[in-house]
Structures are given as structure tokens and as C-alpha cells.
Amino acid sequence: MDSVKHDIRLFQTFPQNCSYIEGQQSVSIIPDPSIAMTHSLYQQLASIGFRRSGNEVYTPHCPECSACLPLRVPVPYSPNRNQRRTLQNNQDLVMSIVPASFIEEHFDLYSRYLKTRHANSQMAETNEENYKDFLISAWCETVFLEFRRKDKLVAVAVTDVFSNALSAVYTFFEPTMEKNSLGTYCILKQLALVEQMSLNCLYLGYWINQCREMSYKANFKPHEIYQKGRWTTVLGGHQDKSS
């Protein structure tokens with residue numbers, strides 16, 4: 001089981017409407033706001049299920065719901081048949097790693113993606129400040145993985161870099177290329193990068209079975225979910241062992 005060496009207090013937020021499950025109220029646990037967050041501390045918090053949004057670090061702690069399960073995928077990873085087909089269909093894409101910063105070309109793609117995939121959400125109305133507040137952190141080591149078809153940008157995978165893992169923050173892609181399964185493709189390329197860098201796993205954030213937008217994460221097997229203070233390995237459709 002992973003542990004956090006820092007001795008910090010945790011606080012509970014006030015309930016608010018859940019963004020993922022209609023009719024639910026969500027509550028989060030956050031680290032003591034008076035303590036300056038660091039990349040090292042966040043890496044340790046990620047190992048026990050925490051996540052970041054911009055500079056904010058949190059983990060769900062809803063009193064009447066436990067649907068949000070932290071999920072990570074260990075390497076080496078072997079893609080299934082559908083995932084191998086996705087890699088084949090996108091073999092002409094070229095990946096580049098660029099520093100985390102505001103780039104107009106990225107933002108244009110992000111805006112079009114949100115207006116297509118989240119047309120009825122407040123996220124669809126975005127601006128440069130919201131974009132940077134969501135994806136970029138002042139203290140976290142983050143890179144943007146660019147994917148291009150010839151010279152055209154078709155996907156960006158925002159990725160945090162830990163000493164022992166990568167963490168997939170958010171992916172956005174060309175909305176007219178939905179049949180290319182670019183979201184799955186980016187995860188597969190991140191997993192390949194984890195192995196190339198001799199790291200241990202890729203954090204995929206929260207898996208929510210009841211939420212269609214999040215349920216795809218369970219397709220990456222074997223994976224591990226964090227429950228009751230430990231990571232449990234899931235092979236196929238069953239939980240098998242804990243660490």
C-alpha cells in the first residue's frame with residue numbers, strides 16, 4: 001500500500017451538485033489550504049487517490065455515494081483487439097512532447113472539442129483564463145503530448161510527470177474524428193510512454209461506472225482501483241488481489 005509521508009490535515013468541502021451523477025450531491029476532501037502544495041506532495045497524494053484540477057487537489061468523499069473510484073493502469077500493458085485496431089487506424093499520427101503552456105492552437109482545438117462534446121455544459125463557454133486554471137499548475141511538472149496528422153493538430157493529452165508514474169489529466173481532440181477513438185489512442189500512447197520512461201503506471205483519474213463519459217476507463221485491463229485504503233488489481237471483470 002502506498003503511503004503519504006507528509007503529516008497534513010485534511011478538510012471537507014461543502015456539498016454541491018455532482019457533475020457526473022444527476023441528483024447527487026458531491027463532497028470532496030482537500031489538503032490543508034495553508035500548506036503550500038508541491039509536486040512531491042501531490043505525487044504522494046495521487047498514490048492514495050487524490051487528483052488535481054489546476055492547482056486544486058482533491059478526492060471525492062461523498063457521504064451517500066462511493067461511485068468515484070481512483071483507477072490506474074500498470075505497465076507493461078498489452079492492448080486488447082479493439083485497442084490494437086485503434087493504434088492501427090491512427091498509425092500515421094506523430095507525437096511530440098511540449099512544455100505545459102498556453103498555445104493558441106491548443107486552445108482553439110480545446111474550444112471546439114468542448115462545444116461538441118459538452119455543448120450543454122458550462123465548460124462549453126471557456127476562455128484563456130479558465131483553460132489555464134483547469135489544465136496548468138504552478139507547482140506540478142506537466143507536459144502536453146501533441147498528436148498531429150501531417151501538420152494538423154488532432155489531439156492533445158495533458159499529462160503530469162511523477163518520478164514513478166504518469167498521470168493523465170485531460171485529453172481533447174478533433175471532434176470530426178470521433179470514429180478514430182482518439183481518447184483511447186492517447187491513453188495507449190501514454191501507457192507506451194510510461195513503459196519507455198521505465199515508470200510503473202498511468203493514473204487515469206476517477207472511474208465512474210454510472211457515468212458514460214468515465215466508464216471507458218475500465219476497458220484498460222488489468223487495472224487497479226483504490227478502495228478502503230489499498231489498490232486492488234482487476235483482471236477481466238473481477239477484483240483479484242490487493243497491494
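Summary of the structure given here. (Residues numbered from 1 in each chain as written. Predicted model: local features only at pLDDT ≥ 70, side-chain atom pairs only at ≥ 80, totals over all residues. Heavy atoms only, no water.)

Now for the overall build of the chain. What the chain contains, in helices and strands, is six helices and 15 strands. In terms of overall dimensions, the chain is globule-like: its C-alpha atoms have a radius of gyration of 18 Å, near the 18 Å expected for 243 residues. Once the C-alpha set of the chain is aligned to its principal axes, its extents read approximately 50 × 40 × 35 Å. By residue count, 47% of the 243 residues in the chain fall in the buried class. Surface accessibility of the chain: about 13,400 Å² in total, with carbon and sulfur atoms responsible for 47%. When the 24 positive and 24 negative side-chain charges of the chain are each reduced to one mean point, those points stand 9 Å apart. (Helix = DSSP H or I, 4+ residues; strand = E, 2+ residues; numbered from the N terminus. Rg over C-alpha atoms; globule rule 2.2 N^0.38 Å. Buried < 20%, exposed > 50% of the residue type's maximum accessible area, 1.4 Å probe, protein only. Areas by Shrake-Rupley, 256 points an atom, 1.4 Å probe, with all protein chains shown as cover. Lys, Arg positive; Asp, Glu negative; His and termini not counted. Charge placed at Lys NZ, Arg CZ, Asp CG, Glu CD.)

Attention shifts here to the packing of helix 2 (residues 81–89) against helix 5 (residues 182–196). Packing of helix 2 against helix 5 brings their axes to within 9 Å, and their N-to-C directions diverge by 95°. On the basis of the axis angle, helix 2 is roughly perpendicular to helix 5. Residue-level contacts link Gln83, Thr86 and Leu87 of helix 2 to Thr184, Tyr185, Leu188 and Lys189 of helix 5. Its residues assigned to classes, the contact of helix 2 with helix 5 comprises three nonpolar, three polar and one charged. (Axes fitted to C-alpha atoms, helices over the stretch in contact; angles between N-to-C directions. Parallel < 35°, antiparallel > 145°, perpendicular 65-115°, else oblique. Contact = heavy atoms within 4.5 Å. Nonpolar A, V, L, I, M, F, W, Y, C, P; charged D, E, K, R; others polar.)

An ideal rise of 1.5 Å per residue puts 21 Å on 15 residues; helix 5 measures up with 20 Å between its terminal C-alpha atoms. All of the buried residues along helix 5 are Leu182, Tyr185, Cys186, Ile187, Leu188, Gln190, Leu191, Leu193 and Val194. A positive backbone phi angle near 60° is found at Ser198, which sits one or two residues after helix 5. (Expected span 1.5 Å × (residues − 1).)

A complete count under the given rule lists nine salt bridges for this structure. With a shortest N-O distance of 3.2 Å, Asp32 and Arg9 are connected by a salt bridge. Note that Asp32 is positioned in the loop between strand 4 (28–31) and helix 1 (39–46) and Arg9 in the segment before strand 1 (10–12), a separation of 23 residues in sequence. For Asp32, a relative accessible area of 8% corresponds to the buried category. As a salt-bridge pair, Glu105 and Arg148 come within 2.8 Å of each other at their nearest N and O atoms. (Salt bridge = Lys/Arg side-chain N within 4 Å of Asp/Glu carboxyl O.)

Where helix 3 (residues 104–117) meets helix 4 (residues 128–135), the closest approach of the two axes is 11 Å, and the angle between their N-to-C directions is 90°. Judged by the inter-axis angle, helix 3 sits roughly perpendicular to helix 4. Between helix 3 and helix 4, the contacting residues are His106, Phe107 and Tyr110 on the first element and Glu128, Tyr131, Phe134 and Leu135 on the second. Considering only residue class, the contact of helix 3 with helix 4 consists of five nonpolar, one polar and one charged.

Further remarks concern the packing of aromatic side chains. Across all of its chains, the model carries 18 aromatic pairs by this definition. Where Phe102 meets Tyr131, the ring centres are 5.6 Å apart and the plane angle is 85°; that geometry is what we call edge-to-face. In this pair, Phe102 sits in the loop between strand 8 (93–99) and helix 3 while Tyr131 sits in helix 4, placing the two residues 29 residues apart along the sequence. Residue classification places Tyr131 among the buried residues on the basis of a relative accessible area of 0%. Centroid distance Phe107 to Tyr131: 5.5 Å. Interplanar angle 80°. Geometry classified as edge-to-face. With Phe107 in helix 3 and Tyr131 in helix 4, this pair connects stretches of sequence that are 24 residues apart. Both residues of the pair, Phe107 and Tyr131, count as buried. Site record: aromatic cluster; members linked through ring pairs are Phe102, Phe107, Tyr110, Tyr113, Tyr131, Phe134, Tyr170, Phe172 and Phe173. When the ring centre of Trp231 is taken as origin, the NZ or CZ atom of Arg72, which lies over that ring, is 4.1 Å away. Lying over the aromatic face of Phe102, Lys132 brings its terminal NZ or CZ to 6.0 Å of the ring centre. (Phe/Tyr/Trp six-rings, centres within 6.5 Å; stacked < 30°, edge-to-face > 60°. Lys NZ or Arg CZ within 6 Å of the ring centre and 35° of its normal.)

With that settled, consider the pairing of strand 14 (residues 230–235). Of the strand pairs in this sheet, strand 13 (residues 223–227) and strand 14 are connected by five bridges, and their pairing is antiparallel. Bridging from a neighbouring strand, Glu224 pairs with Thr233 of strand 14. Hairpin connection of strand 13 to strand 14: two residues between the antiparallel strands, including Lys228 at a positive phi of 55°. (Pairing = 2+ DSSP bridges.)

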